[in-house]
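Close look at the chain arrangement
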Amino acid sequence: MTYPNTLIFVDLASDDPEATGQFYAEVFGWTNEGRPAGVYHRLVPGENFKNKDGSQSQIGNLHIGIFNTNNARPFPTAEGAGAKALSRGDHKARLWVLVSDDDTPERIIEAATSRGASLLWKDHYWKEFNGYNYAFEDPWGNEIILWGKAGENPDIPETYTKE
């Protein structure tokens, strides 16, 4: 292999992709595209990854899919894979979202919890990746971790947990 396999996007599980897409559109400002509506939704953050100087690169931000647990698509037969239960509280994949420089984790957490999400934890500094972290579980059981850039020589608040 001369070029690595690359990540295209990640799917979130939901028994109501349309409502889940609307939730993320309202919380993060992402575009919610039904493909088709109610069956599979694609969330498009928009814009591109930034260069070190803050300008837009030519690399678009990653997309997120939302699949319907009642009939996950794609699948080789029209009947689909059969209904699956949503994962709640167990170990599962987690989605990490970088908090934009013009947004705050507090606003995002408020927007998410006011729409039915549950706050899992907040106010944590992770030295390994030099970031401030916060986490919530959306109404469909998906765990979202917010990552805020701490910057060079970060001033970590006394009230934050650290590792």
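Our structure's up above, just so we're on the same page.
Thresholds, definitions, all that
- Residues numbered from 1 in each chain as written.
- Predicted model: local features only at pLDDT ≥ 70, side-chain atom pairs only at ≥ 80, totals over all residues.
- Heavy atoms only, no water.
- Pairing = 2+ DSSP bridges.
- Helix = DSSP H or I, 4+ residues; strand = E, 2+ residues; numbered from the N terminus.
- Axes fitted to C-alpha atoms, helices over the stretch in contact; angles between N-to-C directions.
- Parallel < 35°, antiparallel > 145°, perpendicular 65-115°, else oblique.
- Left-handed = near helix turned anticlockwise from the far one by under 90°.
- Contact = heavy atoms within 4.5 Å.
- Nonpolar A, V, L, I, M, F, W, Y, C, P; charged D, E, K, R; others polar.
- Patch = residues over 30% accessible without salt bridge, like charges linked within 9 Å, V, L, I, M, F, W, Y side chains within 5 Å.
- Areas by Shrake-Rupley, 256 points an atom, 1.4 Å probe, with all protein chains shown as cover.
- Salt bridge = Lys/Arg side-chain N within 4 Å of Asp/Glu carboxyl O.
- Buried < 20%, exposed > 50% of the residue type's maximum accessible area, 1.4 Å probe, protein only.
- Phe/Tyr/Trp six-rings, centres within 6.5 Å; stacked < 30°, edge-to-face > 60°.
- Expected span 1.5 Å × (residues − 1).

Here we come to the pairing of strand β2 (residues 31-34). Where β2 and strand β3 (residues 40-44) come together, 4 bridges link them in antiparallel fashion. When the bridges of β3 are listed, Asn32 appears paired with Leu43. Counting the residues in the hairpin turn of β2 and β3 gives 5 residues, including Gly38, whose phi is positive at 85 degrees.

For the pair helix α1 (residues 17-28) and helix α2 (residues 105-113), interaxial distance at closest approach is 9 Å and the crossing angle is 150 degrees. Put simply, α1 runs roughly antiparallel to α2. When the axes of α1 and α2 are compared, the crossing they make is right-handed. Between α1, through Phe23, Val27 and Phe28, and α2, the contact on the second element is made entirely by Arg107, Ile108, Ala111 and Ala112. Residues that form the contact of α1 with α2 fall into these classes: 6 nonpolar, no polar and 1 charged.

Here the focus is a nonpolar patch on the surface. A contiguous nonpolar patch, built from Leu7, Val10, Phe49, Ile59 and Leu62 and spanning about 450 Å² of accessible area, is present on the exposed surface. By relative accessible area, Ile59 is classed as exposed at 54%.

Once that is clear, we can look at the packing of aromatic side chains. Tallying each qualifying case throughout the model produces 11 aromatic pairs. An angle of 55 degrees between the planes, with centres 5.7 Å apart, marks the rings of Tyr125 and Tyr132 as tilted. Here the two residues Tyr125 and Tyr132 agree in accessibility, since each one is buried. Taking the centre distance of 6.5 Å and the plane angle of 85 degrees together, the rings of Tyr134 and Tyr160 count as edge-to-face. Placement of Tyr134 in strand β9 (residues 131-137) and of Tyr160 in the loop between β10 (143-149) and β11 (161-162) is noted, with a sequence separation of 26 residues between them. For the pair formed by Tyr134 and Tyr160, the shared burial category is buried. Three or more aromatic residues joined by ring pairs form one cluster here, namely Phe23, Tyr24, Phe28, Trp30, Phe136 and Trp140.

Extensive coverage of β10 is indicated by the burial of 5 of its 7 residues. For strand β7 (residues 94-98) and β10, the ladder comprises 5 bridges, and the chain directions are parallel. Each bridged residue has a counterpart across the sheet, and for Leu98 the counterpart in β10 is Trp147. Across 7 bridges, β9 lies against β10 in antiparallel orientation.

The next thing to look at is α1. Taking 1.5 Å of rise per residue, the 12 residues of α1 would be expected to cover 16 Å, and the 16 Å separating its terminal C-alpha atoms lies within 8% of that figure. Among the residues making up α1, those that are buried are Pro17, Thr20, Gly21, Phe23, Tyr24, Ala25, Val27 and Phe28. Gly29 sits one or two positions beyond α1 and adopts a positive phi of about 80 degrees.

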